[in-house]
Structure formats: structure tokens, C-alpha cells
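Examining the three-dimensional arrangement
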Amino acid sequence: MSKKPVPSDLSVGQMAARAGVPVSTLHYYETEGLIRSWRTHANHRRYDRRELRRVAIVKVAQSVGVPLSEVRAVLDRLPRDRAVSARDWAEAAAPWREMLDERIALMIRLRDQMGHCIGCGCLSLDTCPLYNGEDRLGRSGPGPRRWIGDREERA
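Our focus in this paragraph is the sheet that holds strand E3 (residues 45-47). Reading across the sheet, the three strands line up as E1-E3-E2 and stay open at both edges, with antiparallel pairing between neighbours. Two strands in the sheet have a free side with no partner beyond their single neighbour: strand E1 (10-11) and strand E2 (38-39). The pairing of E2 with E3 spans two bridges and is antiparallel. When the sheet's bridge partners are listed, Arg39 is paired in E3 with Arg45.

What follows is about unusual backbone geometry. For Asn43, which is not glycine, the phi torsion reads 70° and is therefore positive. Position of Asn43 relative to the elements: it lies in the loop between E2 and E3.

Inspection of the secondary structure assignment puts Ala93 in helix H5 (residues 86-93). Given a relative accessible area of 30%, Ala93 falls into the partly exposed group. When the C-alpha positions of Ala93 and Arg77 are compared, they lie 8.8 Å apart, and in sequence the two are 16 residues distant.

Leu26, Val55 and Val71 are the most contacted members of the largest nonpolar core, which has 24 residues in total. Contributions of two or more residues to this core are made by helix H1 (12-19), helix H2 (23-31), helix H3 (51-63), helix H4 (68-75), H5 and helix H6 (96-117). Residues contacting Val71, with those up to four places away along its chain left out, are Leu34, Val58, Ala61, Val66 and Trp96.

Turning to the environment of Arg103, a few remarks are in order. By the secondary structure assignment, Arg103 is in helix H6. A residue is classified by how much of its surface remains accessible, and Arg103, at 25% relative accessible area, is partly exposed. The contact partners of Arg103, leaving out residues within four places of it in the chain, are Val64, Gly65, Val66 and Pro67. For Arg103, the side chain forms a polar contact with the main-chain oxygen of Val64, separated by 2.7 Å.

A few words on the packing of aromatic side chains. Scanning the model with the defined rule gives one aromatic pair in all. Their ring planes at 50° and their centres at 6.5 Å tell us that Tyr28 and Tyr29 sit as a pair that is tilted.

Our next topic: the confidence of the model for the protein chain. When pLDDT is averaged along the protein chain, the result is 83; 77% of the residues meet or exceed 70. At the level of individual helices and strands, the protein chain shows its lowest average pLDDT in helix H7 (residues 145-148), which scores 67, and its highest in H2, which scores 97.

Our focus in this paragraph is the packing of H1 against H2. At a closest axis distance of 9 Å, the pairing of H1 and H2 adopts a crossing angle of 100°. Comparing the axis directions of H1 and H2 gives the class roughly perpendicular. Along the contact surface, H1 presents Val12, Gly13, Met15 and Ala16, while H2 presents Val23, Leu26 and His27. Of the residues belonging to the contact of H1 with H2, the class tally is five nonpolar, two polar and no charged.

Taken together, the side chains of Ile104, Met107 and Ile108 define a hydrophobic patch exposed on the protein surface, amounting to about 260 Å² of accessible area. Secondary-structure assignment places Ile108 in helix H6.

Residues of H4 that are buried: Leu68, Val71, Val74 and Leu75. All buried residues of H4 lie within an arc of 120° about the axis, which places them on one face of the element.

Residue position: Arg45 is located in strand E3. On a C-alpha basis, the gap between Arg45 and Val12 in space is 6.1 Å, while along the polypeptide they are 33 residues apart. Non-local contacts of Arg45, meaning those with residues more than four positions away in its chain, are made with Leu10, Ser11, Val12, His27, Glu30, Ser37, Trp38 and Arg39. A polar side-chain atom of Arg45 sits 2.9 Å from a polar atom in the side chain of Glu30.

The rules behind each value
Residues numbered from 1 in each chain as written. Predicted model: local features only at pLDDT ≥ 70, side-chain atom pairs only at ≥ 80, totals over all residues. Heavy atoms only, no water. Pairing = 2+ DSSP bridges. Helix = DSSP H or I, 4+ residues; strand = E, 2+ residues; numbered from the N terminus. Buried < 20%, exposed > 50% of the residue type's maximum accessible area, 1.4 Å probe, protein only. Core = buried A, V, L, I, M, F, W, Y, C linked by side-chain atoms within 4.5 Å. Contact = heavy atoms within 4.5 Å. Polar contact = N/O pair within 3.5 Å; in protein donor to acceptor, adjacent residues only side chain to side chain. Phe/Tyr/Trp six-rings, centres within 6.5 Å; stacked < 30°, edge-to-face > 60°. pLDDT = per-residue confidence, 0-100. Axes fitted to C-alpha atoms, helices over the stretch in contact; angles between N-to-C directions. Parallel < 35°, antiparallel > 145°, perpendicular 65-115°, else oblique. Nonpolar A, V, L, I, M, F, W, Y, C, P; charged D, E, K, R; others polar. Patch = residues over 30% accessible without salt bridge, like charges linked within 9 Å, V, L, I, M, F, W, Y side chains within 5 Å. Areas by Shrake-Rupley, 256 points an atom, 1.4 Å probe, with all protein chains shown as cover. Salt bridge = Lys/Arg side-chain N within 4 Å of Asp/Glu carboxyl O. Arc of directions from axis to C-beta.

What follows is the structure, given as C-alpha cells:
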């Protein structure tokens, strides 16, 4: 779709500079349906300034390990035909609340236990929070059960 540029619209270079990503990343995000652009009569790609917020959400979500498919699902819940309200953002992001709370809790456990347990060589099996005598946690599933398991496994 081509239209007349609005002064607040951004060229692809301006958008990349303002968002802090390479132009190729904008093209990728657009291909993935995360952001949208439009074309001028001269076929120049332009972005509505509001797309900056979407790029910011994508970047932050990626930095904490949220897959792009989940980011897209949230962004798809936002209106495209009008300015996004605070309520729109809150409703769209609601599915992430529990997932993010779990990730925060995991990062806190990792931070609090990693420095004094992993590779310490202390041989204090009676007090080591990661000790798993007779591999009893292995019956619950693979991976670091003390960090990713249910509440009882983490205790």
C-alpha cells in the first residue's frame, strides 16, 4: 500500500537507528508478521512511529528467551486500526504474566545457588542444595530438577 508520508513516519534507516537494530532485523520482523511498514509512491519503505513500541517488546522478550511465536501471539492481539491503549497492552500481555513470573523465579534460584554450589568441590553433601542422593530426582524427569522441577523438587 502506498500513501503520502506523514512527518512522524520513519524511513527504514531511521527506524533501525531509533530501535537499535539492523535494517535486516526490521525486514525479518516484518516477514515474521511482528511489525508492518508501508511504501511511498517512490516505493520507499516507511514505518509508523508506533511500530517502535512493537520492536521494543520483541527485543526485550527475546532477551529473556521468549520465542518469536509467543511474541507474535501477543502482538496479534493488539489493534492495528487505532492507537494501542494501556488496557490493550495489559490484555494482550496477560498470558505472559505467569510465564514471566516462572522465569523470574528460575533466574533468582540460579543466581542464589549457582555461585556457591556449582563446581565448588566442597564435598558437603549434607548441606549442598543441589545434592541428589541416589538420583531420586531423576525419576521425575530430565534436567536440573532443583531449578526447573516442581516445588517439592526445588526444596
